[in-house]
Each structure stands twice: as structure tokens, then as C-alpha cells.
Amino acid sequence: MHAPFRLVASDIDGTLIRGDGSLSPRTTEILDRLQDRGVPTVLVTGRPVRWLRQLYDQMAEPLPAVCANGAVVYDPDTDEILRAAPLTTELLLDVTERLREAVPDVTLAVEVDDGRSFWYEEKWPLHWDGEHHTVRVLSAPEELTSVPAVKLLARSARHEPDEFAALVSRTLGDLATATHSSSSALVEISAAGVTKAAGLAWLCEREGIEAGQVVAFGDMPNDLPLLAWAGRSVAMGNAHPAVKEVADEVALTNDEDGVAVYLEKLFQL
């Protein structure tokens, strides 16, 4: 008897792919076998749409994705945004004012155009290049709040990651949703109620799939709502302690192909 799950939901970084950014042949094979059996995989990630190409280039067929921590649902076959839940300009203005007051050294950036473009303040530390047409430095502070954003990002050089996330959450309260998935003091902020769980729930409802029929994998605090929502939740062996604490089970690490190994056993592949 096969597992009663109809959909696999997986985070990307620290979960589905290895530390070097590669998708292992074993993982690719398992996902393909599940697809052939009628069990699709959905990527549920903090990444913006424009950062999916690096993974899609390693796949025979791209997978649908819930991006920007649930703010964007993306169909790669049509390059269409099926759903977007951005922070409004009014909300951005309120949130950024509160953050600047509470965290004097805060540096901000926004994912705009449904995550196809990234605007950042001059002090923001860029760790990539080659995207000049979609990534630009802001020439004036008011530009940051000039258009809706699917994600607001905040950095601090003076705080530890968990400490900074807690500070931002306290500062914003119910005004917006704050989470983190980085080893540095980087907090990701979405509109209130926007989480990986909410984005995937919308997609599953569209496809007639219930939460109890989903098995989900994750490794960082931004995966917590997803793992709490899914019928079965699996933390990676390399996961943040808070994630291991709430998950139903703990798999091997991402560098040990933990997702593939777990799915092999669950679906008897």
C-alpha cells in the first residue's frame, strides 16, 4: 500500500539542493518517478521568481513554485504569475518607518515586479552580479516605497540572526509577517498572513488537494508555517533547531540527498 500523499512540497536552499547549489541525479530521478506516478512536486521557497532559473536549468521539466515565502505563485510552463500578494505602498511606508526607528543601522531592499526585479539601498551588501537589468540601487529613499513589493528585506550588522528576527517581529506585530532563512541577520517581510503555507494552500485548493495529502520538507524558520500546515512535515538533518522541534520527522541532510532518501521509503520507489 502506497503512502496517501498526493503532492510533495519542498523548500529549495538547504533542502532539495546540495550546499553547492546542485540538484543531485538521485533527487531528479525520484521526483521524476513520483511525477510519473501522478504525485507532483511544488517548490515552496523564499527565492524570487528570477532565482528559479539556476534550478530549472538542472531539470528536464521545471516545477511550479510558490515564491517569496508565499507571496507569489508561479507557473513556469507559461511564465505566468498565478497569484501575487504584495505589500502595498502604504504598508511599506508604515513598516519601513517603524524599522528605521527601532533599528538605526537597518538597511532595506525590496522585491518588486512580482519578484522579477530587486531594488536595494546603497549600503546593501550585494553577493551576486550579472542581473543589471533587474537589480538596481535606489537613487532616493522614497523609491523604496514607491511601488508594491512582494517582499521587503531588512539587514542589520549589529544583531545575531535569531535576535534580529525577534526584534523585527516585535516591532511590526500584526502589521506584517516577518521571518528569516539566512545565516546572517537578514529578515524577510511579507504582507500580514502571507506565508509559504498560505501560498501553497491556495495552489492546492485550486488543484483539489487537501493539506493532509501533502508531505513537506524544510530547513529554516520561514518553513515553519508550511510544515505546520502539511499533513506530514519533514525537517532536514541540517535544519534550524526550531524546525526540527516542530517537524513530524527529521531526514538526512540536504548534502546526503535527504529529500530523495525519505521519498524513496515513503512511496516505496
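Residues numbered from 1 in each chain as written. Predicted model: local features only at pLDDT ≥ 70, side-chain atom pairs only at ≥ 80, totals over all residues. Heavy atoms only, no water.

## Observations concerning helix H9 (residues 258-266)
Residue pairs three or four apart in sequence face the same way in an α-helix, which turns once every 3.6 residues.
Point 1. Burial analysis of H9 places 7 of its 9 residues in the buried class, the great majority of the element.
Point 2. Those residues of H9 not exposed but buried are Gly258, Val259, Ala260, Val261, Tyr262, Leu263 and Leu266.
Point 3. Just beyond H9, the residue with positive phi is Gln268, at close to 55°. (Buried < 20%, exposed > 50% of the residue type's maximum accessible area, 1.4 Å probe, protein only. Helix = DSSP H or I, 4+ residues; strand = E, 2+ residues; numbered from the N terminus.)

## Some words on the sheet that holds strand E14 (residues 249-250)
Point 1. A sheet is described by the order of its strands in space; here 8 strands give the open sequence E5-E4-E3-E2-E1-E12-E13-E14, paired in mixed fashion. Of all the strands in the sheet, the pair left with one neighbour each is strand E5 (80-84) and E14.
Point 2. Both strand E2 (residues 41-44) and strand E3 (residues 65-67) contribute to a ladder of 2 bridges, which runs parallel. By the bridge assignment for E3, Val44 is matched with Val66.
Point 3. Contacting strand E1 (7-10), E2, E3, strand E4 (72-75), E5 and strand E12 (214-218), helix H6 (residues 196-207) crosses the sheet at an angle of about 115° to E5. (Pairing = 2+ DSSP bridges. Contact = heavy atoms within 4.5 Å. Axes fitted to C-alpha atoms, helices over the stretch in contact; angles between N-to-C directions.)

## Some points on the sheet that holds strand E10 (residues 176-179)
Point 1. The strand order E8-E7-E6-E9-E11-E10 describes an open sheet built from 6 strands, whose pairing is mixed. Each of the sheet's edge strands pairs with one partner strand only, and the pair in question is strand E8 (135-137) and E10. Averaged over all neighbouring strand pairs, the angle between strand axes comes to 20°, with direction disregarded.
Point 2. Sheet topology note: the E10/strand E11 (residues 186-191) ladder contains 4 bridges and is antiparallel. The residue bridging Ala176 from the neighbouring strand is Ala191, located in E11.
Point 3. Relative to the sheet, helix H5 (residues 161-172) contacts strand E9 (151-155), E10 and E11, its axis offset from that of E11 by approximately 30°.

## Observations concerning unusual backbone geometry
Point 1. Backbone geometry at Asp114 places phi at a positive 60°, although glycine is not the residue there.
Point 2. The backbone of Asp257 sits at a positive phi, close to 55°, despite the residue not being glycine.
Point 3. If you trace the backbone, Asp257 turns up in the loop between E14 and H9.

## Topic: the pattern of salt bridges
Point 1. According to the stated counting rule, one finds 16 salt bridges in the structure shown.
Point 2. A salt bridge links Arg26 to Glu264; the shortest N-O distance between them is 2.6 Å. Pair noted here: Arg26 is in helix H2 (residues 25-36) and Glu264 is in helix H9, with a separation of 238 residues, a long-range link.
Point 3. Note that Asp223 is salt-bridged to Lys196, the shortest N-O span being 2.5 Å. Here Lys196 lies in helix H6 and Asp223 lies in the loop between E12 and helix H7 (224-229), a separation of 27 residues in the sequence.
Point 4. The class of Asp223 is buried, set by a relative accessible area of 0%. (Salt bridge = Lys/Arg side-chain N within 4 Å of Asp/Glu carboxyl O.)

## Regarding the pairing of E4
Point 1. Neither face of E4 is left uncovered, since the one carrying Val72 and Tyr74 and the one carrying Val73 and Asp75 both have all their residues buried.
Point 2. As paired strands, E3 and E4 are joined by 3 bridges and run antiparallel to one another. Counterpart to Ala65 in the pairing with E4 is Tyr74.
Point 3. Where E4 folds back onto E5 in an antiparallel hairpin, the turn is made up of 4 residues, including Asp79, whose phi is positive at roughly 55°.

## What to know about the nonpolar core
Point 1. Of all hydrophobic cores here, the largest spans 63 residues; its most connected members are Leu99, Leu152, Phe164, Ile189, Val215, Phe217 and Leu263.
Point 2. Counting residues in hydrophobic clusters, the runner-up holds 19 residues, among them Val44, Val73, Ile209 and Ala247. (Core = buried A, V, L, I, M, F, W, Y, C linked by side-chain atoms within 4.5 Å.)

## Thoughts on the pairing of E11
Point 1. For E11, the tally of buried residues reaches 6 of 6 residues, placing the bulk of the element in the interior.
Point 2. Direction of pairing for E9 relative to E11: antiparallel, over a ladder of 4 bridges. Within the sheet, the bridge partner assigned to Leu153 lies in E11 and is Glu188.

## Considerations on the packing of aromatic side chains
Point 1. Applying the stated rule across the entire model yields 3 aromatic pairs.
Point 2. Relative to Trp124, the ring of Phe118 lies with its centre 6.1 Å away and its plane at 65°, an arrangement referred to as edge-to-face. No difference in accessibility class separates Phe118 from Trp124, as the two residues are buried.
Point 3. Both rings, one in Phe217 and one in Tyr262, keep their centres 5.6 Å apart while their planes meet at 80°; by these two values the pair is edge-to-face. Of the two residues, Phe217 is situated in strand E12 and Tyr262 in helix H9; the sequence distance between them amounts to 45 residues. Judged on exposure class, the residue Phe217 and its partner Tyr262 are both buried.
Point 4. Following the ring pairs from residue to residue traces out a cluster consisting of Phe118, Tyr120 and Trp124.
Point 5. Sitting over the face of the ring of Trp119, Arg136 holds its NZ or CZ atom 4.3 Å from the ring centroid.
Point 6. Over the ring of Trp124 we find Arg155; its NZ or CZ atom is 4.9 Å from the centre of that ring. (Phe/Tyr/Trp six-rings, centres within 6.5 Å; stacked < 30°, edge-to-face > 60°. Lys NZ or Arg CZ within 6 Å of the ring centre and 35° of its normal.)

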